[in-house]
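Listed below are the residues making up each chain.
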Amino acid sequence: MMEVDCVSIKPEAILRTSGHVEKFADWMCKDPIKEEFLRADHLVETVLEARLAKYKVSSDGDDVERVKLSEATTRLYEEILAKIDNYDGPELGNLIKEHDIRNPNGNGKVEEPTAFNLMFKSTIGPSAAAPVFLRPETAQGQFLNFRKLLDYSQGSLPFVSACVGKAYRNEILPRSGLLRVREFILAEIEHFVDPESNKAHERFSEVENVELPFLSRETQLSGKTTVTKDCIGGAVRAKLVNNETLGYFLVRIYVFLIKVGADPEKIRFRQHLDNEMAHYACDCWMLSCSPAMVGSTKEPLKEPVKIVEWKASLEKKLVGPRFQKDAKKVEAAINGLD
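Residues numbered from 1 in each chain as written. Predicted model: local features only at pLDDT ≥ 70, side-chain atom pairs only at ≥ 80, totals over all residues. Heavy atoms only, no water.

**Examining the packing of aromatic side chains**
Move 1: Summed over the entire model, instances satisfying the criterion amount to seven aromatic pairs.
Move 2: With 5.0 Å between their ring centres and 35 degrees between their planes, Phe159 and Phe192 make a pair best called tilted. Within this pair, whereas Phe159 is found in strand β10 (residues 159-168), its partner Phe192 is found in strand β11 (residues 183-192), the two being separated by 33 residues in sequence.
Move 3: Overall, Phe159 belongs to the buried group, its relative accessible area being 4%.
Move 4: On the accessibility criterion, Phe192 (12% relative accessible area) is buried.
Move 5: By way of ring pairs, the aromatic residues Phe143, Phe146, Phe159, Phe192 and Tyr280 are connected into one cluster. (Phe/Tyr/Trp six-rings, centres within 6.5 Å; stacked < 30°, edge-to-face > 60°. Helix = DSSP H or I, 4+ residues; strand = E, 2+ residues; numbered from the N terminus. Buried < 20%, exposed > 50% of the residue type's maximum accessible area, 1.4 Å probe, protein only.)

Right under this line is the structure:
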């Protein structure tokens, strides 16, 4: 694997070609009373999930009655939530109007959704005639260096590159925690294969019987969120997962998470819908998990346990006269011991 260190500032032409200038955006609503900006799909999710989780309050004169949502309304809300990533701005606007979705902070009505590009734009040079962007991801730098990477791998495929560095996204509504921040560390690996090889992977046979949880594109578009489990070999043969290389790395990601303590019952691979994928992608899966995906791996102790550790130290004043010119070698050898 070859590590690449790429620049954070990218000319507009690069990100226009990749589709980021036109499509790297979220739909945003404004609450004119509170002067708040809300991400439209998150607003719909938050309100509908809250309605599903509670009783709906209806009032008739002085009598207040708590009634459950009807089965038809519940089913409709669940279908909307299952397909939430497939709605564009106008469709989200229609949902907001149809279901009277308002800002939870103050119950104010929101305006029509508008597209908001998530990249930080700037210019370089005194004339300000050359627009640039801070990179929203590290992948583009690896793509730009493909020719050099191919030369370093002696012109043979497959080969792998990786980049770890800062990425920047002008999020509509940053959140506390690891996600939805505007500046963060991103690590990306690109595995380049020859498309004429059917994207086979030489080690796929080692993982083909590993079972993974899938939420397919077809399931989402049908308004459901039912996860189905299948071995990766069967998923590739059925063309649920496009090719062996993609399947191999889905397993590697899954196994890694399990090893670091993730609960397998709270993990799923969600297939990207057509409107979510890059124009050059043939298939894409995102691993998603519940907020409490990492469970406790140790039982709490009833009483503290004291551990005594012995550590050897070197008496340099005794080593010098004894070993003279070899004293430094002796010291290095001892320091290298566990």
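**Considerations on the sheet that holds strand β2 (residues 9-11)**
Move 1: Pairing is antiparallel in the open sheet, where three strands are placed in the order β2-β9-β8. Of all strands in the sheet, those bounded by a partner on one side alone are β2 and β8 (121-124). The average angle at which neighbouring strand axes cross in this sheet is 45 degrees, direction not considered.
Move 2: The pairing of β8 with strand β9 (residues 130-134) spans four bridges and is antiparallel. Residue pairing across strands places Thr123 opposite Pro131, the latter belonging to β9. (Pairing = 2+ DSSP bridges. Axes fitted to C-alpha atoms, helices over the stretch in contact; angles between N-to-C directions.)

**A closer look at helix α3 (residues 40-53)**
Move 1: Given a rise of 1.5 Å per residue, 14 residues ought to cover 20 Å, and the 20 Å separating the end C-alpha atoms of α3 matches this to within 8%.
Move 2: Taken together, the buried positions of α3 are Ala40, Asp41, His42, Leu43, Val44, Val47 and Leu48. (Expected span 1.5 Å × (residues − 1).)

**A closer look at unusual backbone geometry**
Move 1: Here the residue pair Leu157 and Pro158 is connected by a cis peptide bond, since its omega of 0 degrees sits within 30 degrees of zero.
Move 2: Here Pro158 shows up in the loop between α7 (146-152) and β10.
Move 3: Unusually for a residue other than glycine, Gln324 sits at a positive phi of about 50 degrees.

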